[in-house]
Amino acid sequence: MKKFFTLVVMFISILIFAEDVIKIGAIFPLTGPAAATGVKIKYAIEVAQEIINGVYPDVDLDLAKSQGLSNLNGAKIQFIFADHQANPELAMAEAERLIQNEKVVALIGCYHSSATKPASQIAEKYGIPFVAGSSSSAALTERGLKWFFRIAPHDGMETDFFFLYLNYLKEKYGANLSRVAVVYIDNEYGVHASLMVKEKIKKYSGFNLVADIKYPANVTNVDIEVQKIRAAKPDVIIHASYIGDMTMFVKKYKEFNVMPKVVLSFCGGYQDPQFVINLGKDANFFSGTNATTSALFSKMAILAKINQLYKAKSGVDIDGPTLEDFASAMVIAEAINIAKSTDPSKILEILQTQTFSAPYFVSGKIKFGPDGQNLYSASVMTQILDGIYEAVWPEAFQTKEPVPYFPEWNKR
Amino acid sequence: MILQIALTGILVGCVYSLVSVGLTLVWGLMDIINFAHGDFMMISMYTVFWLYSLFKWDPFISLPIAVIVAAALGLTTYKLIIKRLVNAPGLMALLATFGLSLFIRNFAQFLWSPNYRFIGESILSGKRIIFGDIIIGFPQLFAAVGSILITLLIALFIKRTRIGKAIQATAQNRDIAELMGVDTEKIYMLTFAISGICVGVAGTLLSGIFPVYPESGAMYGLLAFVIVALGGFGNIWGAFYAGILIGLAEALGGFYFGTQFKYAIAFLIYLLVLQFRPKGLFGW
């Protein structure tokens, strides 16, 4: 009898003193072709989890000031990671598993737009909020979903950004840019990005599309693709590629002496710092939009602090897509905290109405529109100069002036 | 431009051929489908990469080591797995090598992470030949010449040497070959080692052009299956010509119909040939 009472007391004590843990599913490519990026995103989400669950007085974020979620008795957040291996069907299955078996209250992910699409459909089916960090396909927020939110600027916004930047180069530097080629991977991200280029180019006078080159997702060589680009003689190449294929393209551009004036990249391979490690000085002068760059760390103290925590884990600086997925983790935790509940409908209401503070972004805040798209998405145009991703436009965030012409390969 | 595209296709096709020659030997001789063939190549690519990364060895210098590693991998696979399955139904070997392939890829990922690695600078990188509008990169050219040489050497070895004839005899009838005094066990081991040598050379030649990562052998392995079936099982020159044919089809088809279709065109040719000639173009 005495033993029984002891056990009962122990059980009750566990129930009373145990801290609540709120589970959030995080679906990313942790193995497979994009695993290098997926693993880095995982580190960023682990940093977000540490900031939320611990006390970080030198990080100026509401959730960093107290242990856990202050409005929920210090409840801890736990991100449950799942691996979609760049496979949309796996992403869907993992979303289902996380909701049904792990009982997560929300989902984040999936980096690949092609994986985010089916996974968020599952979240919609179960009435669970889904906050995508870096998935950029505009199609994601055009589906009329109620439970889906996206932090990154979509590729339609990025395309507008590209053409505004090209006009800036024309006006300020007299760059003669008219012939545009779009080169893209054959998946959700690449195909939709290219559609945006083909659609938006009509809006901007003085530009014409001279090449539309789609390559297979598991490409073994890009010789033919580069030959087609070479034949089209574009002034501007716009890439929607990942790190491996992007690196192969640059090597072939050099080998076949392809000489565009400007190369721009949607979020993807170019933003990964591995691009510079892979290519050394050949990576210089490539450009692309980015949610952040290490050059901005000296201008933004909180970003520098987040990077310090991130670098201790990953060994590299935080990059744009990774920061966007970090933001997705912070936003969903903040929404739960403000809602003071894990009830999905209450979290949804907060996501729909609240403006979230995001001082690690150049825009400083996040607010979702009726379609779930972050209205304050703000990117800077970066260009690799001497191996560093410099912010080159808009001028307000400029860390260095852009180089508007691609120098010859043998004169670098 | 068409000449440039055709040249590019032939150069790419030569490398496909070399990957396929090793596979066709094993398939033709032992009736064993080695699903891990592309992964052996990946291991040799990593060997070259690490020798470059740690000691700054050029792929030229690493070539013998990468070949030894791939040949040893072939031998070990034979000793530990294939030997037990030689007389078993073909499906058993197929499943075993499929499992081996998964193991090698995941083990590579565990050891070296899934990051894409590149050999930065080698003796050949950046060098090229320019004839008017035609540009041929040295790494690609060297890979193609290397492929032709190795294929030629293996073909001569099989055709002209005593051991090569023993290999042919074993392929035609194992029992009779044994009665004639051929140690078929050794012949099988040797075949797996030669298959390893082919992917070892191919991996070394490709490591200067193609990124090194755990999945880097996967697509080459798949294309090798198509090429072997197209060229005729066990036919070395068949695999060589079929490799070039696939490279050309990929290049010309990709250029004129759209690069997204380049693999689809290769697979379509394969299906068409098998419809009319199931033993492949050069099969007997």
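Everything numeric here is computed off the predicted structure, so don't read it as measured data.

Counting its regular elements, chain B contains 11 helices and 2 strands. Walking chain B from its N terminus toward its C terminus, one meets helices and strands in the order α-α-α-α-β-β-α-α-α-α-α-α-α. Computed over the C-alpha atoms, the radius of gyration of chain B is 19 Å, within 12% of the 19 Å expected from 2.2 N^0.38 for a compact globule of 284 residues. For chain B, the proportion of its 284 residues judged to be buried stands at 55%. Nonlocal contacts in chain B, meaning residues at least 24 apart in sequence, comprise 76% of its contacts between residues at least 6 apart. Total accessible area on chain B stands at roughly 12300 Å², and carbon and sulfur atoms take up 71% of it.

With that settled, the discussion passes to the UniProt feature "transmembrane region" (unreviewed entry) in chain B. Residue and element names in this part refer to chain B. Feature annotation in UniProt places "transmembrane region" (unreviewed entry) on residues 6-29, 36-55, 61-81, 93-114, 134-158, 187-210, 222-249 and 261-278, given in this structure's numbering. The span residues 134-158 is 84% helical and 16% strand by assignment, and the distance between its end C-alpha atoms comes to 37 Å. As annotated, residues 187-210 comprises 88% helix and 0% strand, and the C-alpha atoms at either end are separated by 33 Å.

This next bit is on the sheet that holds strand E2 (residues 76-83) of chain A. All names here are of chain A. Reading across from one edge, E2-E1-E3-E4-E5 is the order of the 5 strands in this open sheet, with parallel pairing throughout. Of all strands in the sheet, those bounded by a partner on one side alone are E2 and strand E5 (148-150). When strand polarity is set aside, the average angle formed by the axes of neighbouring strands in this sheet is 25 degrees. Contacts from helix H4 (residues 113-126) reach strand E1 (21-28), strand E3 (106-109), strand E4 (130-132) and E5, with the element oriented near 160 degrees to E4.

What follows deals with a nonpolar patch on the surface. Residue and element names in this part refer to chain B. Where nonpolar side chains cluster on the molecular surface, the patch consists of Leu54, Phe55, Trp57, Phe60, Ile61, Ile65, Ile123 and Phe142 and spans about 740 Å² of accessible area. Those elements giving two or more residues to the nonpolar patch turn out to be helix H2 (37-55) and helix H3 (59-80). In terms of residue count, the dominant contributor to the nonpolar patch is H3 (3 residues). Its place among the elements puts Ile65 in helix H3.

Let us look at the pattern of salt bridges. Evaluated as defined, the whole model comprises 29 salt bridges over all chains. With a shortest N-O distance of 3.6 Å, B:Glu215 and B:Arg105 are connected by a salt bridge. Residue B:Glu215 is located in the loop between helix H8 (184-207) and helix H9 (218-231), and its partner B:Arg105 is located in helix H4 (residues 90-112); the two are separated by 110 residues in the primary sequence. One network of salt bridges, in which partners are shared, links A:Lys23, A:Glu94, A:Arg97 and A:Glu102.

Time to look at the pairing of E2(A). Residue and element names in this part refer to chain A. Burial of E2 is extensive: 6 of the 8 residues sit out of reach of the surface. In this sheet, E2 lies alongside E1 in parallel orientation, the contact comprising 8 bridges. Opposite Val21, over in E2, you have Lys76 as the bridge partner.

What follows concerns the sheet that holds strand E6 (residues 179-185) of chain A. Paired through backbone hydrogen bonds, the strands of a sheet run either parallel or antiparallel to each other. Residue and element names in this part refer to chain A. Pairing is mixed in the open sheet, where 7 strands are placed in the order E7-E6-E8-E9-E10-E13-E14. Two strands bound the open sheet, and with one partner strand each, they are strand E7 (208-215) and strand E14 (388-393). Across this sheet, the average inter-strand angle for adjacent strands is 30 degrees, counted without regard to direction. Sheet topology places E6 next to E7; 7 bridges connect them, and they run parallel. Each bridged residue has a counterpart across the sheet, and for Val182 the counterpart in E7 is Asp212. Those strands touched by helix H5 (residues 155-173) are strand E8 (236-240), strand E9 (262-265), strand E10 (287-290), strand E13 (380-385) and E14, and its axis lies near 160 degrees from that of E9. Most of the contacts of helix H6 (residues 188-200) go to E6, to which it runs at about 160 degrees, and overall it touches E6, E7 and E8.

With that settled, the discussion passes to the interface of chain A and chain B. At the interface, 35 residues of chain A touch 33 residues of chain B. In total, about 3000 Å² of surface goes out of reach between chain A and chain B, with carbon and sulfur atoms giving 57% of it. Between the two partners, chain A and chain B, sit 2 salt bridges. Every element with two or more residues in the side of chain A that touches chain B is listed here: helix H2 (35-53), E7, helix H7 (223-232), helix H8 (243-255) and helix H9 (274-279) of chain A. With 8 residues, the top contributor of residues to the side of chain A that touches chain B is H8(A). Looking at the side of chain A that touches chain B, its residues break down into 14 nonpolar, 11 polar and 10 charged.

Now for the environment of A:Tyr168. Residues and elements named next belong to chain A. With respect to the helices, strands and loops of the structure, Tyr168 is situated in helix H5. Under the relative-accessibility criterion, Tyr168 is labelled buried at 10%. As for Tyr168 and Pro404, which are separated by 236 residues in sequence, their C-alpha atoms are 9.9 Å apart. For Tyr168, the residues in contact, after removing those within four places along its chain, are Tyr173, Trp393, Glu395, Gln398 and Pro402.

Attention now goes to H4(B). Residues and elements named next belong to chain B. Its 23 residues give H4 an end-to-end C-alpha distance of 33 Å, which sits within 8% of 33 Å, the value for a rise of 1.5 Å per residue. The set of residues buried in H4 consists of Ala93, Thr97, Leu100, Ser101, Ile104, Arg105, Ala108 and Gln109. For H4, the secondary structure elements touched by its buried residues are H2, H3 and H9. Ser113 sits one or two positions beyond H4 and adopts a positive phi of about 70 degrees.

Thresholds applied
- Residues numbered from 1 in each chain as written.
- Chains lettered and ligands numbered in written order.
- Predicted model: local features only at pLDDT ≥ 70, side-chain atom pairs only at ≥ 80, totals over all residues.
- Heavy atoms only, no water.
- Helix = DSSP H or I, 4+ residues; strand = E, 2+ residues; numbered from the N terminus.
- Rg over C-alpha atoms; globule rule 2.2 N^0.38 Å.
- Buried < 20%, exposed > 50% of the residue type's maximum accessible area, 1.4 Å probe, protein only.
- Contact = heavy atoms within 4.5 Å.
- Areas by Shrake-Rupley, 256 points an atom, 1.4 Å probe, with all protein chains shown as cover.
- UniProt positions renumbered as here; feature names shortened; annotations may be inferred.
- Pairing = 2+ DSSP bridges.
- Axes fitted to C-alpha atoms, helices over the stretch in contact; angles between N-to-C directions.
- Patch = residues over 30% accessible without salt bridge, like charges linked within 9 Å, V, L, I, M, F, W, Y side chains within 5 Å.
- Salt bridge = Lys/Arg side-chain N within 4 Å of Asp/Glu carboxyl O.
- Buried area = accessible area lost by both parts, 1.4 Å probe.
- Nonpolar A, V, L, I, M, F, W, Y, C, P; charged D, E, K, R; others polar.
- Expected span 1.5 Å × (residues − 1).

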